[in-house]
Amino acid sequence: MTLLGPDDRLPHRPARVLVAGASGAGKTTLAARIGDRLGIPHVEIDALFHGPGWTPRREFVDDVRRFCAADAWVTEWQYERVRHLLAMRADLLVWLDLGRARVTWQVTSRTVRRRLRRERLWNGNVEPPLWTFVTDPQHIVRWAWSHHPLTAARVAAVREERPELVVVRLPDRRAVDRWVAGPLAEAARRPPA
């Protein structure tokens, strides 16, 4: 399948949707919007992965297998242990291909906001102190910067493995809004397959 842009018509009404992008690109926000528009459940994959104290949950892979077997869902495409499983079940991959500077700004803003407000995330977790940006090589902001180029390689690999998979590339926030209001909305008006 040809790589589609934000104004290209979707060939079918999607039912199993992955949202790809670097950490902080807006995957969860877009996945929730897609779920609302299509009337399908959004499964926030971070909520399945993170246990108390930021430890990975033992049930993570089993939970992903369970929801992935369903007929309809939307989730974020991350976590190496389940990425292939999700890609093999998806009928649409939406790629948030935002620039590195934009993503870094978004993830930094989000991290600072969450930390200052002490926002409770999955299983009671809160963002670590801001100074850990300097001391923790796995800090989310540093991670987003260093891992940004990997998404394009992963999308290219899945397109090679599954040439029939519909992939939509969205290069900026305006393209996201155009796609949600245009091709996605039009596809949502079609009857489910």
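Throughout what follows, the structure given in this document is the object of discussion. The structure presented is a predicted model; accordingly, all values stated were derived computationally and were not measured.

Things to note about the overall build of the chain
- Helix and strand content of the chain: nine helices and four strands.
- Ordering the α and β elements of the chain from the N terminus gives β-α-α-α-β-α-β-α-α-α-α-β-α.
- For 193 residues, the compact-globule formula gives about 16 Å, and the C-alpha radius of gyration of the chain, at 17 Å, lands near that figure.
- If one aligns the C-alpha atoms of the chain with their principal axes, the spans along those axes are about 50 × 35 × 30 Å.
- Taking all 193 residues of the chain together, 48% fall into the buried category.
- With the model as given, the accessible surface of the chain reaches about 9,900 Å², and the carbon-plus-sulfur share is 56%.
- Across the chain, the 32 positively charged side chains and the 22 negatively charged ones have centroids separated by 4 Å.

Considerations on the packing of aromatic side chains
- Scanning the entire structure with this criterion turns up four aromatic pairs.
- Ring centres 5.4 Å apart and planes at 75° place the aromatic pair Phe60 and Tyr79 in the edge-to-face group. You can see Phe60 sitting in helix H3 (residues 60–68) and its partner Tyr79 sitting in the loop between strand S2 (73–76) and helix H4 (80–89), a full 19 residues away along the chain. Here the two residues Phe60 and Tyr79 agree in accessibility, since each one is buried.
- Three or more aromatic residues joined by ring pairs form one cluster here, namely Phe49, Phe60 and Tyr79.

Some words on unusual backbone geometry
- Although it is not a glycine, Tyr79 sits at a positive phi angle of roughly 75°.
- Residue Tyr79 is classed as buried on the basis of its relative accessible area of 17%.
- The phi angle at Arg118 is positive, at roughly 55°, despite the residue not being glycine.
- Tracing the chain through its elements places Arg118 in the loop between helix H5 (100–117) and helix H6 (132–135).
- Judged by relative accessible area, which is 49%, Arg118 ranks as partly exposed.

Comments concerning the nonpolar core
- Counting 30 residues, the largest nonpolar core has Leu10, Leu30, Ile34, Leu170 and Trp179 as its most contacted members.
- Listing elements by their share of this core, those giving two or more residues are strand S1 (16–21), helix H1 (27–38), strand S3 (92–96), H5, helix H7 (140–147), strand S4 (166–170) and helix H9 (173–188).
- Top element by residues in this core is H9. It accounts for seven residues.
- Setting aside residues no more than four positions away along its own chain, Leu170 makes contact with Pro6, Leu30, Val94, Trp95, Leu96, Asp97, Leu98, Ala175, Val176 and Trp179.
- Counting 24 residues, the second-largest nonpolar core is a separate cluster that includes Val43, Trp77, Val158 and Val167.

Notes on the layout of surface pockets
- Put simply, the largest pocket is a space of about 1,200 Å³.
- Along the wall of the largest pocket there are 38 residues; nearest its centre are Ser23, Asp46, Tyr79, Ile140 and Trp143.
- Elements represented by at least two residues in the lining of the largest pocket include exactly S1, H1, helix H2 (45–49), H4, H5, H7 and helix H8 (150–161).
- Per-element accounting of the lining of the largest pocket gives the leading share, four residues, to H5.
- Grouping the amino acids of the lining of the largest pocket by side-chain chemistry returns 12 nonpolar, 13 polar and 13 charged.
- Per-class residue counts for the lining of the second largest pocket are seven nonpolar, one polar and two charged.

With respect to the pattern of salt bridges
- Per the counting criterion, the structure on display carries 13 salt bridges.
- In this structure, the salt-bridge partner of Asp7 is Arg178, at a minimum N-O distance of 3.0 Å. With Asp7 in the segment before S1 and Arg178 in helix H9, the pair connects residues that are 171 residues apart, well separated along the chain.
- Here Asp7 falls in the exposed class, since its relative accessible area comes to 54%.
- Judged by its relative accessible area of 39%, Arg178 is partly exposed.
- Measuring nitrogen to oxygen at the nearest pair gives 2.6 Å for the salt bridge that ties Arg190 to Glu186.

The rules behind the values
Residues numbered from 1 in each chain as written. Predicted model: local features only at pLDDT ≥ 70, side-chain atom pairs only at ≥ 80, totals over all residues. Heavy atoms only, no water. Helix = DSSP H or I, 4+ residues; strand = E, 2+ residues; numbered from the N terminus. Rg over C-alpha atoms; globule rule 2.2 N^0.38 Å. Buried < 20%, exposed > 50% of the residue type's maximum accessible area, 1.4 Å probe, protein only. Areas by Shrake-Rupley, 256 points an atom, 1.4 Å probe, with all protein chains shown as cover. Lys, Arg positive; Asp, Glu negative; His and termini not counted. Charge placed at Lys NZ, Arg CZ, Asp CG, Glu CD. Phe/Tyr/Trp six-rings, centres within 6.5 Å; stacked < 30°, edge-to-face > 60°. Core = buried A, V, L, I, M, F, W, Y, C linked by side-chain atoms within 4.5 Å. Contact = heavy atoms within 4.5 Å. 1 Å grid on protein atoms, 1.4 Å probe; cavity = no way out; pocket = protein on both sides within 12 Å on 5 of 7 lines; lining within 4 Å. Points joined across faces, edges and corners; volume = space filled by probe spheres on them. Nonpolar A, V, L, I, M, F, W, Y, C, P; charged D, E, K, R; others polar. Salt bridge = Lys/Arg side-chain N within 4 Å of Asp/Glu carboxyl O.

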